[in-house]
Each structure stands twice: as C-alpha cells, then as structure tokens.
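# Coordinates in review
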Amino acid sequence: MGKDGMSVNVSGPPDLYLLVKAMESFIPNSAMGYIDSVLRNGSDEVASASSRKFDRLFAPITDGVVKLSVVLLPPRCLKVCGSMKEGSSEPNTPLVSGSHLAEDLQAQWMNLTAEVALNPGELSVIYICELPEIKGKFYPDKAAALGVEPGPKYGQLQRGNSVVSDHQNIIVHPCDVMEPSTHGPIVLLVDCPTLSHLQELSSLQSLIPYYSNTSEQPVEMCKKVNCLIHLSPASVTSTTAYEQWMTRFGDAQHIMARHEPKNIEIPILKSSSRVAARLNYLCPQLFPFPGFWSLRQLKSLRSVSKFPRELSLPTSCRITYAENLLKFHLLPYKDLGLDNSNVPATISRTEILNELTSNIPEIISVSKHISQLWHGNNGSIEEPQLHETPIPSCLEGITREDMEIVLLGTGSSQPSKYRNVSSIFINLFLKGSILLDCGEGTLGQLKRRFGVDGADEAVKGLKCIWISHIHADHHAGLARILALRHDLLSGTPHEPLIVVGPQQLEIFLDRYQMLEELDMQFLDCRDTTESSWEAFESNDHNDANGSASRLKNMLREAGLMALNSVPVIHCPQAYGIVLKFADRTNVIGKKIPGWKIVYSGDTRPCPELVKASHGATLLIHEATFEDGMLEEAIAKNHSTMGEAVEAGDAAGAYRVILTHFSQRYPKIPVFDETYMHKACIAFDLMSVNLADLPMLPSVVPYLKLLFPDEMSINEAD
C-alpha cells in the first residue's frame, strides 16, 4: 500500500493461498513477506479443527460500520457423492486467516474433500452485508418532561442506555423518549453458477431469517433484505426454481448483474472510444473503428444470440437489469434505493465526429488528403518523407492477407482510460497468430478490436505467446487468455499452447495451474536466443520436454524461419524478440526475402538489440519518456522517444513504431517531428498491415492536429 505499518486483511477460500503464492514470482519480496505471514497464520489450528456442517453462516468482518457474512454454496451433486473421483487429491493449503472464519472454512473444505473431489471454483458463496440498526428519532421534549436535563444523559439515551431522572424518582428508558429502532439495510450478493448449486441454494437453512413471511420463522425475527445482486448466469436465473426462490424475499430490489448484453453497446471506457472514433476518421486504414455495438448487431453474434427471457415474477418483486455504474444507496436511509444518475448514456459515432469537425474544421480536408495518399493519388501535395527510404524488397508483391500487427496496449506500468498496458497481436490470418506480451485487459482489447466472437477466434488461433519480462504490466492478462483458449478448444483435438518467457513466469504459471487449467507448454526465453537455437540445431541442446521442437514446427507452419529472444537492458531476464519470416517466390519464380519484425520489450538503448535488428522491416520500440526526461529514463531502464528512433536508424530499420508511453501522456506523447521520418506513434487498437508500412510516417504530422490541447499543455510543461 506504499506506507509502512499499513496493511489490508484478506479473507477468502483456501484456493486464495495458491493464487497469492503464485504471485510471489513477480511481486517484490518486501510486499509478499507480510502477506505470506498473514496467509499462513492459523494453519496449525486447521489440522485439528472439528467437523462442521456446510449450511452455516460465517461473519468474517464485523465492526461498527458493517457486518459481512458468508454462506458456503457447494453444488448439490457433491453432497450426494460417496467417494472421491478417480485421480483427485485432498488440498493441503491453508486458508487466508485473521479470524475464526479461516479455521471454520478450512475445516469444512477438508471435510468435504475427504469424501468428494472439489475442483477449484466449484465452491460458491453468498455474501450478506448488514448495516447497523438505525436508531429511532430522539424527542428532547419527552426527556425534559420526565425530568432529564439536557447534557450527557441525552447522549446515553440515544446510545440505548437507561438513565436516572434528575428531577423525578424514576428510571428513564430509551423507549420512553425515542421512536423504535429499525433494522439497518441488508444486501445479498448471490453467485449460484449452476443448476446443481441451485438445488442446494433452495434448501439453505441459514437464509431462513432473511426470507419474508416465512412460516419457519416468527415475523419479528425476520430480517428485511433491501437488495439482492444476482451474479448467477441466465441459465440459472431464468428457471422457475430460481424465480420461486427470489420471491421469498418479498418486495426486495433485485439487480440482475451477470453479463447483460445491452451493456456491450455502451462502452464503459467512453474516453478511449471517443479517441478511437477520432483516429478512425483521420485514417481508417491504421485505425479500424472498433464500433459502438448496437443490440441489433449483438443479437447476430453466436455468443450473445440467446438472450435470456424476461423473468416472470409477481409485480411486488422488483427487478432491474444492471447497467454500468448503476448504484444502490444504503445510507443515508432517506436515499435508500437505486441511483442511475451516473449510468453512461449511449453515444454514437456521428455525435463524436460532428463534435470533431466542429472543433477542428480542417480535419475534414486532412482526412480526405490521407485517403488520397493511401489510394496512390496525392494530388499536388508532396510527401517527401515517403521517398527518403527506399521500399525494401521484402515488401514486393505483399498482400493485405499476409500479416497485420495490432497494438492492443501501448501504455506503461498500469492501464489508463486511454491506453492499456503492453500487448501486440501478430495476425498471420490463415496461418494463425502470435501474441507478444499480454498485460492485463488484453482479452478486453481483443474484443474491442475484433468483436465478441472475433476475439474467441483470435484466441483459438494463437500459435505462441511470447513474454518479454516478469513485470506484471507485460503478463498479467496471460492466465485469462490461456484459460479461455482451453475452454474454447475443449472437446476439440489440439496441442497445448507454447508460452515463451523468463524463468520466473514458469513458476507463476505452474502454481496457477493448480487453480485453473491453462493447457500450455513453457519454454524459457534463454532457450530461444540465437546461440541456443544453434546449439539445438547441432543436437547439443537437450530438449527434454519437446518444447523447442514444437516451437520450431509451429514457426515453420506459420511461415517463419526463426523466433529469437535477445537479452536487453531492463530487469533480470528481460528480452526483446526478432521474428524472421521465410523467403517467398513470386509468380515468375523470383526469390523475395522474408520480412523481419523486431520488438524491444522494455529496455534502455541496447547494442545487442540494435545488432539483432539490422535490416529490420519494422522495429517496435519502447519510448516511455519524452526527450527532456533522460534522467528518468536512465533511472528506470527505459528509453526516450529520440533514443528509440536512433536505435531504428542505427539498425537500418525501414519503419519504427514507438510504444509503451508513460501514462503521464494520456492521449499523445510529446515528440519532435523533425526525427520522425521513418517512425510513427502507436495508439491502442492501431492496426498496421504489412502492405501499409510505406505510409506510416505520412500520418504523423496530422496527429498533433487531432490533439491540439494535449500537445500544447505537454509542451508548456
């Protein structure tokens, strides 16, 4: 948390320990030391814990503000199974501790798994959030009439304590001078993932006090639930059994919050979508518009074509379907209820572009001019930078179906509302794809670029994922991609996906696979350096697990000659990558050399990378800082804009794309236009087709026009 002496208590199921242990491979030891001690606390007591029933309420958090209780919800089938599944084993990891909850839940976990196999994720929970009772109104005139003088005794009465009257020989009780107290607001968060869980949900005895008008509980003992938030999928919530269970809460507000399709058409990252629309207007060839999805379009997609039916509940049962930024107020009590004042309104592309052309009228002619350039008709306007560097022979006869590079994330350190963190999608079309780095949010970016179903196809088509180094902004989205690929290809013959990365990444993935099936095969970056490949080819390299052989075959099938990792100057085991593509033969039998793509990862200017980039068709180089921040770049082992361009010049690269910008530059970084003769600024979702490389520098002069305010502010700073 950044300050000494500060900590946060974490509660959760036993698997949480495995997750945190897996993170040790990339979280600093100073941060992990305390966490690990907290997680291990109480593990000795777990072994001797007595058996307990599942249907029990646990309160991990109780203070003056809120009481948060947990009800465990296993699938019903687990409770009727009498023996362990074949090949299963009993987990022996301790639960996050800090209260008796750890001991209780860990004991239950151990007792359950002694009889049946419980896979990670099968044990669900219901959270019950209860706020303190709301005191009734205090009447000073009634207190005075009973002889109580104003002062400390008024406070005692309001706190629920009886006092002796100052002027009468009586005891004054709170009920004599106050209205009755009422229960505080109660919210249930319900995650019932399967029909098997629903069978158990309907019979939970620990929820009886929260049902209204139940014959099993005296009315005065019932706790009124104000709101239920349902994370359960439509396959569960649309059943008659679930609907009947919902009616047991009377007139409570129900919020259906599980993947409502209508939310897809309203981008939560509106600022990013606005920038994407403006860039698309300027140059649709480089910036394909990800689109504001309409419900009509969504219904045509396989993944959302089966919309859940409307729930048929009594009118007294209030239901709303969740929207982005919808709120439910708990306190003050007078504001109790839904608040949709911050729900984003729909915004159309037309609205954005009307605003753009109104504020920057010259953008209309600029857009037409760029379109003419792309179609080979530049009129009377000269573009000298296009002629300074001859088009390399490897681009001869190139087609738009050969390769496209999609910059999924172009920011550094952490995501912002304009730039996500590092990820590059190499689209080889019919030959598959390769992912270079995979920061958090990579899957979301794939969906924004290719659509809901298109992202699934992109993930299924992955041949390899290469990770440059262990910093989280370069790999935190990896497990999500691997798990999704496993699910998408389930039941289809396929091989594990090859993941190439630093050795610490393998530790994380191996530990994480205890939680979720990733279906991958790991290869250390050190085994993909040029010297390692030479040793492999000479049979001196021992490829015990076959990863290198599989990678070699994959490269051949994808039309690549080599994938070489290059050590760079950043952190231990940090690498850049060189992708060499196979030579081609045109229709008349002429041999055309293959193109060469280089990605720097994070690095200071690096002689080894420059050497490996010699003659590159495209160099994608980090440019975290502007030129005036050289000291910061040196201190953090990053490069400035000028240094990145110089690296491209020294390597003789044909084109350079600058990326990995500090989030201090929210929309566009500060750059010197004079040295951008062969370079271009990257933006999220920017898609560079190999056939469009000659045109890249022609767009740069107009980017400042698109962001005039940002550039003037940055330059002034």
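For the structure, check the block above.
What this report covers is the structure whose coordinates are included nearby. Just so it is clear, the structure is predicted and the values come from calculations on it, not from any experiment. (Residues numbered from 1 in each chain as written. Predicted model: local features only at pLDDT ≥ 70, side-chain atom pairs only at ≥ 80, totals over all residues. Heavy atoms only, no water.)

A word on the overall build of the protein chain. Each helix and strand in the protein chain was counted, giving 26 helices and 26 strands. Long-range contacts, defined here as pairs at least 24 residues apart, represent 67% of the contacts in the protein chain between residues at least 6 apart. (Helix = DSSP H or I, 4+ residues; strand = E, 2+ residues; numbered from the N terminus. Contact = heavy atoms within 4.5 Å.)

Enumeration over the complete set of coordinates arrives at 21 salt bridges. Here E130 makes a salt bridge to K223, at a shortest N to O gap of 3.3 Å. Taken together, the positions of E130 in strand β3 (residues 124–130) and K223 in the loop between α9 (195–201) and β7 (227–230) put the pair 93 residues apart, joining distant regions of the chain. Owing to a relative accessible area of 9%, E130 belongs among the buried residues under this scheme. A residue is classified by how much of its surface remains accessible, and K223, at 23% relative accessible area, is partly exposed. Between E404 and R449 there is a salt bridge, with its nearest N and O atoms 3.6 Å apart. Of this pair, E404 sits in strand β12 (residues 404–409) while R449 sits in helix α17 (residues 442–460), and the two are 45 residues apart along the sequence. With relative accessibility at 11%, the residue E404 sits in the buried group. A relative accessible area of 17% places R449 in the buried class. A cluster of three or more residues bridged by salt bridges with shared partners is formed by K21, E24 and R511. (Salt bridge = Lys/Arg side-chain N within 4 Å of Asp/Glu carboxyl O. Buried < 20%, exposed > 50% of the residue type's maximum accessible area, 1.4 Å probe, protein only.)

For the rest of this paragraph, the subject is the packing of helix α1 (residues 15–23) against helix α19 (residues 503–512). Between α1 and α19, whose axes approach to 8 Å, the crossing angle comes to 170°. If you check the angle between α1 and α19, you find them roughly antiparallel. Two secondary-structure elements touch here, α1 through L19, K21, A22 and M23 and α19 through F508, R511 and Y512. Within the contact of α1 with α19, the residues separate by chemical class into five nonpolar, no polar and two charged. (Axes fitted to C-alpha atoms, helices over the stretch in contact; angles between N-to-C directions. Parallel < 35°, antiparallel > 145°, perpendicular 65-115°, else oblique. Nonpolar A, V, L, I, M, F, W, Y, C, P; charged D, E, K, R; others polar.)

Quick look at helix α20 (residues 530–537) now. Among all positions in α20, only S532, W533 and F536 are buried. Down the axis of α20, the smallest arc covering the buried residues is 100°, so these residues share one side. For α20, the exposed residues set more than 90 degrees away from the buried face come down to S531 and E534. Where α20 is buried, its residues touch α21 (547–557) and β18 (560–567). The first or second residue beyond α20 is N539, which carries a positive phi of 70°. (Arc of directions from axis to C-beta.)

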